[in-house]
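As a plain string of letters, each chain reads:
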Amino acid sequence: MNLFNSALGRNITFVRPAYFIISGFIGIPNVKFYYVFLFFVYIVSVLGNTAVMAVIYLDHNLRTPKYVVVFNLAFVDLLGNSALVPKLLDIFLFNHHNIPYNDCLSFLFFCYTCLSMQSLNLVALSYDRLIAIIYPLHYQVKVTHRFMLSLIASFWVFIITVVLIAVGLITRLSFCKSVVINSYFCDHGQIYRLACNDYTPSFAIAYLLPLLIIWLPLIFIMFSYLHIGYALSKVATVQERVKAFKTCSAHISLVTIYFLPILITFTFGAKIHPNARIINLSLTSVFPPMLNPIIYVLQTQEIKESVKKLLKIRVQSKITVKKVIIK
C-alpha cells in the first residue's frame, strides 16, 4: 500500500508529486480482455475516421460548409481516440500505472479538449440543419465556408482556453497524501479531490465545465429540433416532413450516442459503482468516434454517393492500366 500513498511528509506546505497512479478497475478478473476490446474499437475508429476525412478531401462536391464540420468531427474523433486508447493500453496492458505529473496533465488536456469539441461539433451541425430546414432560401447566405470555419475556430479557441484554465488550477494544488486516481485516465474530478489544500477554484470549474460543454450544447440542440419539428408540422405533406427529417437522421443518431451515456453517468453518478462508472465513461469516450463515420456513411446520401463514385473511379483506373499493360 505504500506505493499508493505519497510519503513526502506532512510539514511541507506545497507538494507536487513526481507521479500519479491510475487505479483502473477494482477486483475484476481478466479485465485485460476489455482493454484488448478497446484496442479493436480504436482500430475501427482510426480506419473509419481516416476514410471519412479522405472522402471529403478527395470529393470536391463535399467541400460544403456542412462537411467542414463533419471533417472536423472526424479529425477530433481520431485525435481524441489516439490520445486516449494507446495510453490506456500502455497503462493497463503493460502495467505502467505510474504516470509522471506533467504527462498526466497533458493526458487530461487532450482527453478533455477532444471530448468537449465533439459536443460543440454537434452544436455546429444542429445549427446547419436548423438553417437548412427553417430558412432554406437563406441557407447559402447564412451558412458560408467563412462562417463555418470561423465558428469551428472559435470553438477550438474557447475549449482550449477553458481546459487550460482547468489544468492551470490543478498546478496550484498540493498533493501531500494519496496520489491514486480512481479512474481509467487522468480525470480532472478525481485529481483535484486528492489535494490537501483549498481546491475551491477547481471545484467551481468542475461544475462549470459540464454546464459549458454538455448542458448548454444539449439545450441548444434540443431547442433546434423543437423549432424544426414545429416548422415541419406546418408543412402540408407527410412526404416533405419525412424527407426533411431524413436529412437530420445522422445528426440525431450522433447526438443520442454522445449525450445519452454521459447523462446516465451524471444522473446516477453517486449510485453507480466505480467499475460501472469506468466502463460507462470509457465506452462513451471510444464508441462515438467509432460509430460516427459508420453512421455518416450509412445514413448520409452524399457520402454514400461519393464513396461509390471514388470506388468506381479506382476500378476504372485499374481496368485502364491493365488494358495498357496488355497492349
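Residues numbered from 1 in each chain as written. Predicted model: local features only at pLDDT ≥ 70, side-chain atom pairs only at ≥ 80, totals over all residues. Heavy atoms only, no water.

Trainee: Even after reading the chapter, I still don't get the state of the cysteines, so can you show me in this structure?
Mentor: When the sulfur atoms of two cysteines share a covalent bond, that bond is a disulfide. Scanning the model with the defined rule gives 2 disulfides in all. Covalent S-S linkage joins Cys104 and Cys186, the inter-sulfur distance amounting to 2.0 Å. The S-S bond linking Cys104 to Cys186 shows a torsion near -125°; that makes this disulfide left-handed. With a gap of 82 residues between them, Cys104 in helix α3 (residues 101-134) and Cys186 in the loop between β3 (180-181) and α6 (188-192) connect regions that are remote in the sequence. Residue Cys104 is classed as buried on the basis of its relative accessible area, which comes to 0%. Bridging Cys176 to Cys196, the disulfide has an S-S length of 2.1 Å. Remark: Cys196 occurs in the loop between α6 and α7 (200-233) and Cys176 occurs in the loop between α5 (145-170) and β3; sequence separation between them is 20 residues. Lacking any disulfide linkage, Cys111 is separated from the closest cysteine sulfur, that of Cys114, by 7.5 Å. Classification of Cys111 by relative accessible area gives buried; the value is 11%. (Disulfide = S-S within 2.5 Å. Helix = DSSP H or I, 4+ residues; strand = E, 2+ residues; numbered from the N terminus. Buried < 20%, exposed > 50% of the residue type's maximum accessible area, 1.4 Å probe, protein only.)

Trainee: Honestly, the nonpolar core in this entry has me stumped. Any pointers?
Mentor: The nonpolar side chains of a soluble globular protein tend to be buried, and buried together. By size, the foremost hydrophobic cluster in this structure holds 93 residues, and its most contacted members are Phe20, Phe175, Cys186 and Ile191. Dropping the residues within four chain positions of it, Ile191 is found in contact with Phe20, Cys104, Leu108, Ile170, Phe175, Ile181 and Cys186. Core analysis: the second largest hydrophobic core is formed by 5 residues, Val162, Ala166, Leu169 and Leu209 among them. (Core = buried A, V, L, I, M, F, W, Y, C linked by side-chain atoms within 4.5 Å. Contact = heavy atoms within 4.5 Å.)

Trainee: Which parts of the structure should I look at to understand the layout of surface pockets?
Mentor: A water-sized probe, rolled over the atoms, reveals where empty space remains. Empty space within the largest pocket amounts to approximately 970 Å³. Lining the largest pocket are 38 residues, and of these Tyr112, Asp187, Phe266, Arg277 and Leu281 lie nearest its centre. Every element with two or more residues in the lining of the largest pocket is listed here: α2 (65-92), α3, α6, α7, α9 (249-267) and α10 (274-299). If you tally residues by element for the lining of the largest pocket, the top one is α7, at 8 residues. Among the residues forming the lining of the largest pocket, the class breakdown is 24 nonpolar, 11 polar and 3 charged. Its boundaries defined by the atoms lining it, the second largest pocket holds a volume of some 430 Å³. The wall of the second largest pocket is formed by 24 residues, among which Lys66, Tyr67, Thr300, Gln301 and Glu302 lie closest to the centre. Secondary-structure elements contributing two or more residues to the lining of the second largest pocket are α2, α3, α9, α10 and α11 (301-326). Tallying contributions element by element places α11 first for the lining of the second largest pocket, with 6 residues. Its residues assigned to classes, the lining of the second largest pocket shows 7 nonpolar, 9 polar and 8 charged. (1 Å grid on protein atoms, 1.4 Å probe; cavity = no way out; pocket = protein on both sides within 12 Å on 5 of 7 lines; lining within 4 Å. Points joined across faces, edges and corners; volume = space filled by probe spheres on them. Nonpolar A, V, L, I, M, F, W, Y, C, P; charged D, E, K, R; others polar.)

In short, the description is geometric, and any link to function would need to be established separately.
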